[in-house]
Every structure is written in structure tokens, then in C-alpha cells.
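Chain and residue survey
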Amino acid sequence: MSRLYQPSDYVVSKSRLPSFEQYKEMHKRSLEDPEGFWSEIAKEFYWQTPAEPGNFVSYNFDINKGKVFTKWLDGAVTNVCFNLLDRNVRNGHGDKIAYYWEGNHPDDYSRITYRKLKDLVCQCANGLRERGVTKGDRVSIYMPMILETVVVMLACSRIGAVHSVVFAGFSSDSLAERMSDCKAKMLVTADGAWRGEKLLMLKKICDEAIDKAEKKHGHKVETCLVVKHVDRVTPCGQLQEYTTWDDERDVWWQELIDEQSTICSPEWMAAEDPLFMLYTSGSTGKPKGVLHTTAGYLLYATTTFRYVFDYQDKDVYWCTADVGWITGHTYVVYAPLANAATSVLFEGTPFYPENDRYWSLIDKYKVSQFYTAPTALRSLMKFGDEYVKRHSLQSLRVLGSVGEPINPEAWLWYRQLVGGGRCSVADTFWQTETGGHVLTSLPGATPMKPGAAGFPFFGVEPALLDEGGQLISGEGEGYLVFARPWPGLMRTLYGDHQRYEQVYFSKFPGYYCTGDGARRDEDGFLWVTGRVDDMLNVSGHLMSTAEVEGVLTEEPRVAEAAVVSRPHPIKGEALYCFITTTDGAHFDQSLVDALKKLVRARIGAFAVPDTIQYAPGLPKTRSGKIMRRILRKIALNDTDIGDTSTLADPAVVEQLFKNRP
Ligand code: WT7
């Protein structure tokens, strides 16, 4: 059985929650008295109108009893940006560093205090208002990891606009689709950004996306706000050459924002008013606009950050996630600022200028909490221990992991080599939809097992169900669901509440269904075993088989496509595609290249398949359903394929084993 690791004396001695018993007690209380539990935390914040007692949470998770909904602190009125900035400045944190910003190049860095950040956010908010952005408007953001990205997100929240950040690795097609779906009034971007030695031409991609939004989806973006970023340090004609400039539509950040007043009154928002939306992949292929609201999200982000990272006043915290993903929203922007924390914001990659960049930054900024993804750890492990050992990592106390199950080998490397054996590892399981951590270990409180996500966070009530919806108590494996809402749970899918109910609440009425499987072991640890739907997790990026198949079949030479995942030593999973061709079409390298190019253009570089295999036919049941279970075996070259009696044509399978590239 898997070994149990206890928090070290060092971690326990510093911890605000130093025992397992205390965790269990607090968790119990959070379920028995949610109002008592969360209203205590709510007291720290500024409320224009406080929540009414007795009306703290209401919800319906049972689709058979009517509309599914969740409300927290209904009736309360506040502003998230005000709580993150003005409140902290008033509480004496004005001179505290909010972010150490570290650019792609080690010579390019800066820092910003809470007071200065507040001034910039107010200027930006005034600029947005000048351009006609008001409460409820959507603003798309396609940005590198720079301070202006945080500034514009908070500026939106100050004026009640709903930001929709699109990861700057998505293609112009994806950006166009997302901007059109939410009818964004404004798009915010930068001229470009360096990532390692690669120049990303962000404004050029935005030009294409704005054009496609109009031509393909009939949506017109009124303003494109552009940060002069690359041009600031390395003026390069290259960018100008590739971009167009529309004087009506485009405006430089430096021209719109720099002269604005640093005073900006916040828009007072109802507890359940939208804060932001963020698209995530859906199994039908169409992205889902996950919507988070104001008060509950603020409480939940704050509390998870405080306990999961055990952040304390003098600590320096660093989350390496891009703000284009939920991890960046909650644990780069909202949660650290809500806790008046000092964070590192890093623009570059772990491999530039050398493979020790992460370790060198931990040393440079004396980072105490480091939060990254298993795929990053695995890609760094392969360079050997020397890169890590070059630097002093003594400042570290808590190590976080997120995005996919962490393999025990990477966990042990993380804890022993990076964490010097003294740090706690928090394997945080959560989703875009959950807003914050839902299963995790807590540094001073819970024991750990390499690869297990551990225990529910406060307010979270997990359950395992079998196919028939029966509860599995004690040890066992089943569908991972949650029996009640916590404050940070998403409230709806933007513009499609029916899909929200159908995707998350229809399979097991009364429960929020994660789409993941999990196992409870003899010690009560929860182990997330991976998706139980047609979703794939490549380097921590979730995508659906249908989404990739849809793109592959756009190519006229392709008749049918089936996509499965194959385990990959660094990415976790890699895409393996089977293609049947149309009459007369040849399967050759040019087709493979064309398909890879197409996926890059339609979705983004991170979705490009590792393998594309020719299939004379696909293994199907007599009713025509593709048997992905068998395709996964073929991808693995594992001939132990089990029962094939339901196949319409078993001969296909043998052919596919022979055709493996
Ligand atoms: C899916 C959610 C949560 C922020 C990043 C991903 C998988 C995530 C873990 C973990 C096992 C994990 C699940 C989940 N996942 N963290 N610690 N252990 N699996 O957000 O894109 O919404 O993906 O990522 O499959 O459902 P996302």
C-alpha cells in the first residue's frame, strides 16, 4: 500500500491549522453550520449591504424538483475589486508588494505595491468607462502574463463588467468563437510577447479574430485596447509590419489609460451578479462559458488560498499558471490579492534562458509557496537534479500541484528534491467549474499520499456513486460527485442554463457531477482516477474528443475520425487519432501535416495530435457506436483487448494493429 507522509515539524510549527483533528472538526462545522462558518470570513470584507442572516445559502441540486440554482449571501452588496485593493490599502497594506513581476528575459522585471496597483486599476477602469464599457458588458482579454492583465481584470470587476479571458495560446478561430458567443464589447491585448525565444504576435491574432467574429459570427467588437509591451523593451519593426491599425476601433493602452484619474468609484454589485466567465471545453465540442459570481467566489477563493497554501504575512507566493486558465484567475489574481499576499507573476517559460528558471526564481524572490502542474514537473525532472541543486530552495514551505493526477514519481521528486523533504505537498483537485480547490491536502493538518488528492475542503461534501446512482460508502471507486454547493461553485453556463443542468445535474439528480472518477481508500483518502466522459487532459489542458474529431473531419480527404488518448511521459495524456479517408483520397504525410496544421489553426498549438494513424475502418458496434476502449488498446499496442463479440466487423481490429505508425 501507498506510504503515508505526515507534515514535517517545520510545516506544523508554522501552520494555522496544525492537526488532522482540527481539520476534521472544522470540516464538520462547515457542513453543519454553513452560515456560521462562512459569515465569520465574510466579516473581514467590506459590504455596502451585508447579507441577511438566515438567508445565507439556498440551492436546488435536484433537477426533478425544478430549476437548478445556487445562491450565496443573497441580498448582500459589495465590490470585489474594492475588497482586494481599497480595503487592503486602508488596512495598512498600501506599501506592501502585491506582485513581483518577472519578464521573459531575466533583465526585465518590476514590482508593484497595493497602492500603486489600486491607482492603475482605477485609471484603467476610467478608461474602460470612457470607451463605453458599463456594468454587465463583456470584455474579452487575450494577454500575456503581465501586470496590465491583472489590472484590466480588476478594472472590469471595479465597474461590474464581466471579463472573459481567453488563453493566449488559442488560435484566432477559437478567440473569434469565444468573443462572439459572449458578444464582447471590447477586446484587450498586447502588441506581442516573447515566450522563451519565440515572439507571439498577439495583436495580429486579434486582428484576425475580430475579422472572423464579424464575418463568420456576425459580431462586431467595438474597441481593441492594446498594451505596448514588446515594443517597450525590444522595439521591433516586425510587429508593426504584421498588424493593421484601425483608428476607430484600436487604441493604445498607454494613450487611453495613462492620463486617466486614479480615482474611480466602484460599481456596487449584488452578491449573485456575474464576476467573470471563462470558457472550458465541453464534450459536444462547443466551449462552455462557465460563469462565476461575486460574493461566494470571493469568500471561497480567499479561504482556500489561506488554508491550502497556509499563506502568512511575510510569505512570497508563486503560482506558475497562466491567467488564461481558472488557476490563474483564482490563484494568481483574486485569492492572493484578497489575502493581501505578495506574489510572483512570471511571463516566461521554465526553460528560458535555461532549464533552471523556476528554481532560480524561487531563490531570487525567496518563494515560500510554489504552485505548479505535474506536466511542468515531469518536463523539468528529465533534465536531471543538477538544475535544482544549483539554487537554494530553503524558503519553500508548501508545494502545490494542479491540473491532473500527479504520478507518485513526480510527487516524490517534488517533495524530496524541490521541497528538501520538509515541505507539504498539496495536490489540489478542482475544475474551472468549482472556482477553487475542492479536494486537497492541507499543509500542517492532513497526512499525504503520493498521487492522492486527499480530503474535501471546508464546505465540500463529496460522494462516490455507482452507475445506478447508489452511494458507495467506505472503500470503493465510482463517479465523483458533490452533494451540495460551496460558495465558489459556478452558477450557470453563460447563455445556456439548460446545458448547465444537463451536463452537471442530469445524470445523478441531487448531485453536482464532476465528470471524474475517484476511489476512496482504506484511510479515507480520495484518489481522482481521471475523466469518465469523452474528455482528454493533455498537459493539464482539458479538451474533448468531439472537439478534435470535428476539426479533423473538416479536411475533405477525411471521412471519419476517432480520437483517443494515450499515456504520455510528460504531457500525461497525448492525442492519438484514427482517420478513415474518403474515396480516392490517399493517406500520406501531406495529409498528416495538413491535419496537424488544421488543429493548430482551429484550436491552438497545445491541441496538435502526437499521432495520426490511417484506419481502413473503425471498430464499431452493430449499432454503429465507435468502441474507443479498443482504439485505446491499439494506441498502446496492447493486444489484450478483451471481449470483441459486440463488434460489427472484428477483422478491423487486426488491420489497425498492423497499421500502427
Ligand atoms: C479537470 C479540470 C483546476 C484547474 C486546472 C484544470 C483534472 C485537475 C486535478 C488533480 C486529478 C485533476 C480533472 C478535472 N484535474 N486537477 N489535482 N488531480 N485530476 O481545470 O481545465 O477545468 O480541468 O482536470 O479531470 O475534472 P480544468
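Our subject in this report is the structure included herewith. Because the structure is a prediction, the values reported are computed rather than measured.

Reading guide: rules and limits
Sequence positions are assigned chain by chain, starting from 1 and proceeding in written order. The model is predicted, so local features are restricted to residues of pLDDT at least 70 and side-chain atom pairs to those at 80 or more, both for listing and for counting; the totals for chains, interfaces and linings are taken over all residues. Water and hydrogen atoms play no part in the side-chain values, which are based on all heavy atoms of the structure. Points on a 1 Å grid, built from protein atoms alone, make a cavity when a 1.4 Å probe fits but cannot get out and make a pocket when they are open with protein on both sides within 12 Å along at least 5 of 7 lines; residues with an atom within 4 Å of a point are the lining residues. Grid points are joined across faces, edges and corners, and a volume is the space filled by probe spheres set on the points. Residues are grouped as follows: Ala, Val, Leu, Ile, Met, Phe, Trp, Tyr, Cys and Pro are nonpolar; Asp, Glu, Lys and Arg are charged; every other residue, Gly included, is polar. Secondary structure counts use DSSP, requiring at least four H or I residues in a row for a helix and at least two E residues in a row for a strand, with both numbered from the N terminus. Contacts between residues were defined by any pair of non-hydrogen atoms, one from each residue, lying within 4.5 Å. Only strands that DSSP links by at least two bridges are regarded as paired with each other. Fitting a line to C-alpha atoms yields each axis, with helices limited to the stretch in contact; the angle taken between N-to-C directions then spans 0 to 180 degrees. We call a residue near a molecule or strand as soon as one heavy atom of that residue lies within 4 Å of the molecule or strand. Polar contact is the term for a pair of N or O atoms within 3.5 Å; when the atoms are in protein, one must be able to donate a hydrogen and the other to accept it, and sequence-neighboring residues count only if both atoms are side-chain atoms. Areas reported here follow the Shrake-Rupley algorithm with a probe of radius 1.4 Å; residue values treat only the protein chains shown as occluding. Within 6.5 Å between ring centres, the rings of Phe, Tyr and Trp (the latter by its six-membered ring) count as paired, and their orientation is classed by plane angle as stacked under 30 degrees, edge-to-face over 60, tilted in between. Burial here depends on accessible area, computed with a 1.4 Å probe over protein chains only, as a share of the maximum for the residue type. Under 20% is buried, over 50% is exposed, and the range in between is partly exposed. In this scheme, Lys NZ or Arg CZ marks a charge over a ring once it lies within 6 Å of the ring centre and within 35 degrees of the ring normal.

**Some points on empty space enclosed by the protein**
- Within the structure shown, the criterion is met by three cavities of 30 Å³ or more.
- If you go around the largest cavity, the residues you meet are N79, V80, S157, G160, A161, M269, P274, L275 and T294.
- Across the lining of the largest cavity, the residue classes tally to five nonpolar, four polar and no charged.

**Some points on the layout of surface pockets**
- A volume near 390 Å³ is recorded for the second largest pocket.
- In terms of lining residues, the second largest pocket is bounded by 22 residues, among which S283, V503, G515, R531 and D533 are the most central.
- Elements represented by at least two residues in the lining of the second largest pocket include exactly α19 (497-505) and β26 (512-520).
- By residue number, the principal contributor to the lining of the second largest pocket is α19, which donates four residues.

**Re the environment of Y614**
- As for its position among the elements, Y614 is in strand β32 (residues 611-614).
- With 94 residues separating them along the chain, Y614 and R520 place their C-alpha atoms 40 Å apart.
- With residues near it in sequence (within four places) discarded, Y614 still touches I579, T581, F587, L656 and N659.

**What to know about the sheet that holds strand β11 (residues 223-227)**
- Across the sheet, which stays open at both edges, the eight strands sit in the order β12-β11-β8-β6-β7-β14-β15-β25 with mixed pairing between neighbours. Looking at the sheet topology across the chains shown, the edges are occupied by β12 (250-252) and β25 (492-493).
- By the bridge criterion, four bridges tie strand β6 (residues 138-142) to strand β7 (residues 162-165) in an arrangement that is parallel. Bridging across to β7, S140 finds its partner in S164.
- Helix-sheet contacts for helix α9 (residues 202-217) involve β6, β8 (186-190), β11 and β12, and the interaxial angle to β8 is about 155 degrees.

**A closer look at the site of the ligand**
- In the vicinity of the ligand, 18 residues are found, and the nearest of them are D427, T428, T432, D516 and R531.
- Take G403: an N or O atom from its main chain is 3.1 Å from a nitrogen atom of the ligand.
- Between P405 and the ligand, the recorded distance is 3.4 Å, taken from a backbone N or O atom to a nitrogen atom.
- Protein chains shield 95% of the accessible area of the ligand, which is 550 Å² for the free molecule.
- Counting residues per element, the ones that place at least two in the shell around the ligand are α14 (326-338), β20 (424-428) and β27 (526-531).

**Comments concerning the packing of aromatic side chains**
- A full pass over the atoms with the stated rule returns 58 aromatic pairs.
- Judged by centre distance (6.1 Å) and plane angle (80 degrees), the ring pair of W325 and F606 falls under edge-to-face. Residue W325 is located in the loop between β16 (316-319) and α14, and its partner F606 is located in the loop between α21 (589-602) and β32; the two are separated by 281 residues in the primary sequence.
- Look at F606 and you get buried, because its relative accessible area is 19%.
- Both rings, one in Y500 and one in Y504, keep their centres 6.0 Å apart while their planes meet at 55 degrees; by these two values the pair is tilted. Remark: Y504 and Y500 occur in helix α19; sequence separation between them is four residues, near one turn of the helix. Each member of the pair, Y500 together with Y504, is buried.
- One aromatic cluster is present, built from ring pairs that chain together F20, Y23, F37, W38, W72, Y300, Y307, F455, F457, F458 and F525.
- Lying across the ring of W252, K228 places its NZ or CZ 4.7 Å from the centre.

**Quick notes on the pairing of strand β23 (residues 462-465)**
- Side chains P462 and L464 of β23 all project onto a buried face; the interleaved residues A463 and L465 project onto the opposite face, where all are buried too.
- The pairing of β23 with strand β24 (residues 476-482) spans four bridges and is antiparallel. Pairing of L464 across the sheet is with L480, part of β24.

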